[in-house]
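Below are the chains, spelled out letter by letter.
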Amino acid sequence: MEEINASIDFDKRLWRHDIEASKAHVAMLAATGIVSSADADEITKGLDQILAEIEAGDFKFTRALEDIHLNVEHRLKELIGPVAGKLHTARSRNDQVATDFKLYVRDEIAVIEAGLAALQFALAKLALEEAATVMPGFTHLQTAQPITFGHHCLAYVEMLARDRSRFHDAAKRLNESPLGAAALAGTSFPIDRNMTAKALGFDRPTANSLDSVSDRDFALETLAAAAIAAMHLSRLAEEIVLWTSPQFGFARLSDAFSTGSSIMPQKRNPDAAELVRAKSGRIAGAFQALLMVMKGLPLAYAKDMQEDKEPVFDALDALKLGLAAMAGMVGDLDIDAKAMKKAAGRGYATATDLADWLVQTLDMPFREAHHVTGRIVAMAEEKNADLKKLTLAELQAVEPRITQDVFSILDPARSAKSRKSQGGTAPANVRREARRWIKRLEKDGLSR
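All values derive from a computational prediction rather than experimental measurement.

Participant: Explanation requested: the overall build of the protein in the structure shown.
Facilitator: Along the backbone of the protein there are 18 helices and 6 strands. What you see for the protein is a C-alpha radius of gyration of 30 Å, clearly larger than the 22 Å of a compact globule of 448 residues, by over 25%. Based on the C-alpha atoms only, the size of the protein along its principal axes is roughly 100 × 55 × 40 Å. The buried share of the protein, taken over its 448 residues, is 50%. Considering only intrachain contacts with a sequence separation of at least 6, the fraction spanning at least 24 residues in the protein is 75%.

Participant: Mind showing me how you'd approach the nonpolar core here?
Facilitator: A general trend in soluble globular proteins is that nonpolar side chains are found buried together. Counting 101 residues, the largest nonpolar core has L119, L123, F167, I240, L319, M326 and M329 as the members making the most contacts within it. If sequence neighbours within four positions are ignored, M326 has contacts with L119, L233, L236, A237, I240 and V276. Of all hydrophobic cores here, the second largest spans 22 residues; its members include A355, L362, V372 and V406.

Participant: Where do I start with helix α14 (residues 351–362) in this structure?
Facilitator: Each α-helix winds once per 3.6 residues, and so residues spaced three or four apart point in a common direction. Its 12 residues give α14 an end-to-end C-alpha distance of 16 Å, which sits within 8% of 16 Å, the value for a rise of 1.5 Å per residue. Taken residue by residue, α14 has A351, D353, L354, A355, W357, L358 and L362 as its buried positions. The inward-facing, buried residues of α14 abut β2 (142–148), α15 (366–383) and α17 (412–418). Downstream of α14 by a residue or two, D363 has a phi angle that is positive, lying close to 55°.

Participant: Honestly, unusual backbone geometry in this entry has me stumped. Any pointers?
Facilitator: Most peptide bonds take the trans form, and the phi angle of most residues other than glycine is negative. Here the amide bond leading from L299 into A300 is cis, since omega sits at 10°, within 30 degrees of zero. Relative to the elements of secondary structure, A300 occurs in the loop between α11 (271–294) and α12 (309–332). Phi is positive for E66, close to 75°, though the residue is something other than glycine. Tracing the backbone shows E66 in the loop between α4 (37–56) and α5 (68–80). Not every positive phi belongs to a glycine, and A182 is a case in point at roughly 60°. Considering the arrangement of structural elements, one finds A182 in the loop between β3 (176–177) and α8 (193–199).

Participant: Sorry, what's going on with the pattern of salt bridges here?
Facilitator: By the definition in use, this model includes 27 salt bridges. In this structure, E66 and R93 form a salt bridge, with 3.2 Å as the shortest nitrogen-oxygen distance. Taken as a pair, E66 in the loop between α4 and α5 and R93 in helix α6 (residues 93–129) lie far apart in primary sequence, 27 residues in all. When the shortest N-O distance is used, the salt bridge between K383 and E394 registers 3.3 Å. Linking K383 in helix α15 with E394 in helix α16 (residues 392–398), this pair joins segments that are 11 residues apart in sequence. Overlapping salt bridges bring together R13, E108, D317 and K320 as one network.

Participant: Looking at this model, I keep getting lost on the packing of aromatic side chains. Mind explaining?
Facilitator: Within a pair of aromatic rings, the relevant descriptors are the distance that separates the centres and the angle that separates the planes. A complete count under the given rule lists 7 aromatic pairs for this structure. The interplanar angle of 75° and the centroid separation of 5.2 Å between the aromatic rings of F149 and W243 together place this pair among those described as edge-to-face. Of this pair, F149 sits in helix α7 (residues 149–174) while W243 sits in helix α10 (residues 217–243), placing them 94 residues apart in sequence. Accessibility assignment for this pair places F149 and W243 in one class, buried. Feature note: the residues F101, Y104, F218 and F313 constitute an aromatic cluster, connected by ring pairs. Across the ring face of F202, the terminal group of R106 is positioned such that the distance to the ring centre comes to 4.9 Å.

Participant: Teacher, can you tell me more about the packing of α4 against α5 here?
Facilitator: Each pair of packed helices can be summarised by the angle the axes make with each other and by the distance between the axes. Close contact between α4 and α5 brings their axes to 9 Å; oriented N to C, the two are set at 115°. For the element pair α4 and α5, the recorded crossing hand is right-handed. In this structure, α4 contributes E42, I43, G46, L47, Q49, I50 and E53 to the contact, and α5 contributes V72, R75, L76, L79 and I80. Each residue belonging to the contact of α4 with α5 can be placed in one class, and the counts come to 7 nonpolar, 2 polar and 3 charged.

Participant: I tried to follow a nonpolar patch on the surface on my own but got confused; where do I start?
Facilitator: Together, L184, L210 and L299 give the surface a local cluster of nonpolar side chains, amounting to about 270 Å² of exposed area. In this fold, L210 is placed in helix α9 (residues 209–214).

Participant: Help me understand the pairing of β2 in this model?
Facilitator: As a general feature of sheets, a regular strand has side chains that alternate between the two faces. Sheet topology note: the strand β1 (residues 134–139)/β2 ladder contains 6 bridges and is antiparallel. For V134, the partnering residue across the bridge sits in β2 and is T148. Between β1 and β2, which pair antiparallel and follow one another directly, the connecting turn spans 2 residues, one of which, H140, has a positive phi of 60°.

Participant: Teacher, can you tell me more about the side chain of S280 here?
Facilitator: Mapped onto the secondary structure, S280 falls in helix α11. Setting aside chain neighbours within four positions, we find S280 in contact with A230 and S234.

Participant: Is there a simple way to think about the environment of L410 in this case?
Facilitator: Within the secondary structure, L410 sits in the loop between α16 and α17. Residue L410 is classed as buried on the basis of its relative accessible area of 3%. Apart from residues lying up to four places away in sequence, L410 is in contact with T350, L354, L387 and K388.

Participant: Just to check I follow, could you spell out a positive patch on the surface for this structure?
Facilitator: A cluster of like positive charges, contributed by R414, K417, K420, R431 and R435, occupies part of the molecular surface. Listed by contribution, the elements that provide at least two residues to the positive patch are α17 and α18 (427–443).

Participant: Help me understand the packing of α10 against α12, please; the structure alone is not making it clear to me.
Facilitator: Contact geometry of α10 with α12 gives a least axis separation of 10 Å together with a crossing angle of 30°. The angle between α10 and α12 places the two elements in the roughly parallel class. For the crossing formed where α10 meets α12, the hand is left-handed. Across the interface between the two elements, A219, T222, L223, A226, A229, A230, L233, L236, A237 and I240 of α10 pack against P311, V312, A315, L316, L319, G322, L323, M326, M329 and V330 of α12.

So, how was this worked out
- Residues numbered from 1 in each chain as written.
- Predicted model: local features only at pLDDT ≥ 70, side-chain atom pairs only at ≥ 80, totals over all residues.
- Heavy atoms only, no water.
- Helix = DSSP H or I, 4+ residues; strand = E, 2+ residues; numbered from the N terminus.
- Rg over C-alpha atoms; globule rule 2.2 N^0.38 Å.
- Buried < 20%, exposed > 50% of the residue type's maximum accessible area, 1.4 Å probe, protein only.
- Contact = heavy atoms within 4.5 Å.
- Core = buried A, V, L, I, M, F, W, Y, C linked by side-chain atoms within 4.5 Å.
- Expected span 1.5 Å × (residues − 1).
- Salt bridge = Lys/Arg side-chain N within 4 Å of Asp/Glu carboxyl O.
- Phe/Tyr/Trp six-rings, centres within 6.5 Å; stacked < 30°, edge-to-face > 60°.
- Lys NZ or Arg CZ within 6 Å of the ring centre and 35° of its normal.
- Axes fitted to C-alpha atoms, helices over the stretch in contact; angles between N-to-C directions.
- Left-handed = near helix turned anticlockwise from the far one by under 90°.
- Nonpolar A, V, L, I, M, F, W, Y, C, P; charged D, E, K, R; others polar.
- Patch = residues over 30% accessible without salt bridge, like charges linked within 9 Å, V, L, I, M, F, W, Y side chains within 5 Å.
- Areas by Shrake-Rupley, 256 points an atom, 1.4 Å probe, with all protein chains shown as cover.
- Pairing = 2+ DSSP bridges.
- Lys, Arg positive; Asp, Glu negative; His and termini not counted.
- Charge placed at Lys NZ, Arg CZ, Asp CG, Glu CD.
- Parallel < 35°, antiparallel > 145°, perpendicular 65-115°, else oblique.

Now the structure itself:
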């Protein structure tokens, strides 16, 4: 029973939040006259001593006391005697753990938001540096159209902005205090829940005592946001793996973020990126695990809910590590602009530019222009030549009205530069957006 019932091995990381909530609770008990000021002072001093002991590594956690709450309460009794028992007046472990867990998740969200912003900043800086670096844009991992590498980086900046927004919303929704809901029905003591909510930085107390102790939506929502963010990191990690391979050769990672092989001396493995990619599975799995824990529980509290913390702890730890590693890799990337530009010229990436030219210059319907361009690409493939290497006579054999001017739009760099529409890949757009993001992140103090 002790083996399956004890949670102290993992919930001990809530010690700071547990003591913080207990101090707010006892201050409220004294202010409302439920306990004397002298008793409240003695309890607070004892809690401060326990805090110091844990910070110093001198506190002895024991599985016999089951969880963080009983470990703290037991030590408090050792320090101040029976008066320690008054701390638990008008509360239950049910509202206590819900409060502690919310405080923990709220703190973790703040760290994650900062990590997301730091990665945004690294990507925006790289985007500004590589605003005019031309590379192939892909769909289906097939060459599609020329884009700029800076534009590619800014796509991830936008993704991460949505991630930050989701975490911000989750923090806003969780910011109601369960403390005072007691076991499930509230309490007959004349407590002041607004006082404890304010002391702990919550916006307000929760409105329903049953919901207060049975709710884990805040953890689920945070895990959902974490899973989406991890998916974004995994996509970027996969691209780094591709870019740094000899087959692409678009970028290189230093020894700081790559490893060698135990048998092949030439290898430079992007292990950090691969591990970020792999950890996304753990994070997504944590969300699913907690969802399954909660799905069949009747109101209010059940011991099943003890299983809420390990997936949250593990997932948020993995996400924080992944963010730090990814920011480091982005800052470490050595971009090979020549290799990117060469690749952008392969695969007939300017075929769409040719079709657009036929529409704009010859007033050709786009569907016909698409067909004509397809025939020209087929001819180029047969000749094993790039589009810009075809002669004017060869182009006119397909469409007689084509003129020499067409060659001006078949260069990948010119193609990228022409995409000036809002949100487009043109270097001017990229520089403007990168500077806007850098300025915004620096203004908010979120660039480091």
